[in-house]
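Examining the three-dimensional arrangement
Chain by chain, the residues:
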Amino acid sequence: MIIGGTINTKAPINWRAMAPAVVGTIAVILSLHVTLTCHFVALLAPKGYSQNRGIWYLQGYERIGDSDDFKDVCTPYPSVVHMDSKWYMIRLATLVGGILGSGVASYLWSCMYSPLTKRGWNMLAIACFVTAILQGFTLTFVGSSGCQKSEWLNESSKRSCVTTTGYDVDVVATIGWILTGLVMTMIPPHLQNEKLKNDSIQETSKEVGIPGSVAKNARSVRNMSMRDIEGVSHSENSGSCSDNEAPADKPLAAGTSSVNLLERDDLPEVC
């Protein structure tokens, strides 16, 4: 199965493959932002206290030079933070979805210059929907121990957990992967048709007088051993026939193809 062949920059550009490639690339960038951000949810408490959290990183503070000012930074979670099984599954989904999405986007860009088959294009569309499922699963981080099931949140009824910008970006990324799959399914590019390719081979073989079975097995003919080729060359230069003699005509047996002519021992010598 061919998904994308060798890139040929001199080939005509398949412009219909550009739309899903652009949308898929945007979805990859948004997914990367969701993975690296620490502003997915926010833990709120009375008196204005808040703490932003992400799937992989936690909001921290870093002193600016020697001043008393601080800036927000995203730092890895300390070991004291409790993570439930759902949180670990969400982290795994971000890794698998990121790798799969990046691969799909790369293939889509290469498909603008490489030959496509319908089966390969459909598999890429399915991969987009799978990536959308993985991306949408990360939205359940709200119900994990990182937000609503946090031990810190359960210590007081006045504390709460709300979504922030990272959650909204995650929603857009999920929609982006769904749109990419829909565009690929509803508006496919110009695809390579194997049936038309075989028909073209047969028509070409008829024009030059070669049976269709011989044309399909052209590779076998090209791989003829050097022994047969050298045998024909030797018979031409052996001088066993005079210049005025013509090879005797001998009818071929029924069912004998032109491919097997060099394998017959009863053929006349060629001068």
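Up top is the structure.
This write-up is about the structure you can find in this document. The structure displayed is predicted, hence computed values, not measured ones. (Residues numbered from 1 in each chain as written. Predicted model: local features only at pLDDT ≥ 70, side-chain atom pairs only at ≥ 80, totals over all residues. Heavy atoms only, no water.)

Now for the environment of Leu179. Note that Leu179 resides in helix α5 (residues 165–186). Considering only alpha carbons, one finds Leu179 and Gly24, 155 residues apart in sequence, at a separation of 8.6 Å. (Helix = DSSP H or I, 4+ residues; strand = E, 2+ residues; numbered from the N terminus.)

Running from N to C, helix α1 (residues 18–36) and α5 cross one another at 155°; their axes reach a closest spacing of 8 Å. As judged from the angle between their axes, α1 and α5 are roughly antiparallel. Judged by the sense of rotation from one axis to the other, the crossing of α1 with α5 is left-handed. Mapping the contact onto sequence places Ala19, Pro20, Val23, Gly24, Ala27, Val28, Leu30, Ser31, His33 and Val34 in α1 and Gly166, Val169, Asp170, Val172, Ala173, Gly176, Trp177, Leu179, Thr180, Val183 and Met184 in α5. By residue class, the composition of the contact of α1 with α5 is 14 nonpolar, six polar and one charged. (Axes fitted to C-alpha atoms, helices over the stretch in contact; angles between N-to-C directions. Parallel < 35°, antiparallel > 145°, perpendicular 65-115°, else oblique. Left-handed = near helix turned anticlockwise from the far one by under 90°. Contact = heavy atoms within 4.5 Å. Nonpolar A, V, L, I, M, F, W, Y, C, P; charged D, E, K, R; others polar.)

Attention shifts here to the state of the cysteines. Applying the stated criterion across every chain, the model contains two disulfides. What connects to what in the protein chain, once the bonded cysteines are numbered by sequence position, is 1-2, 3-4. (Disulfide = S-S within 2.5 Å.)

A cluster of nonpolar residues, Ile175, Ile178, Leu179, Leu182, Met186 and Ile187, forms a patch on the protein surface that exposes about 550 Å² of accessible area. Residue position: Ile175 is located in helix α5. On the basis of relative accessibility, which here comes to 44%, the residue Ile175 falls in the partly exposed class. (Patch = residues over 30% accessible without salt bridge, like charges linked within 9 Å, V, L, I, M, F, W, Y side chains within 5 Å. Areas by Shrake-Rupley, 256 points an atom, 1.4 Å probe, with all protein chains shown as cover. Salt bridge = Lys/Arg side-chain N within 4 Å of Asp/Glu carboxyl O. Buried < 20%, exposed > 50% of the residue type's maximum accessible area, 1.4 Å probe, protein only.)

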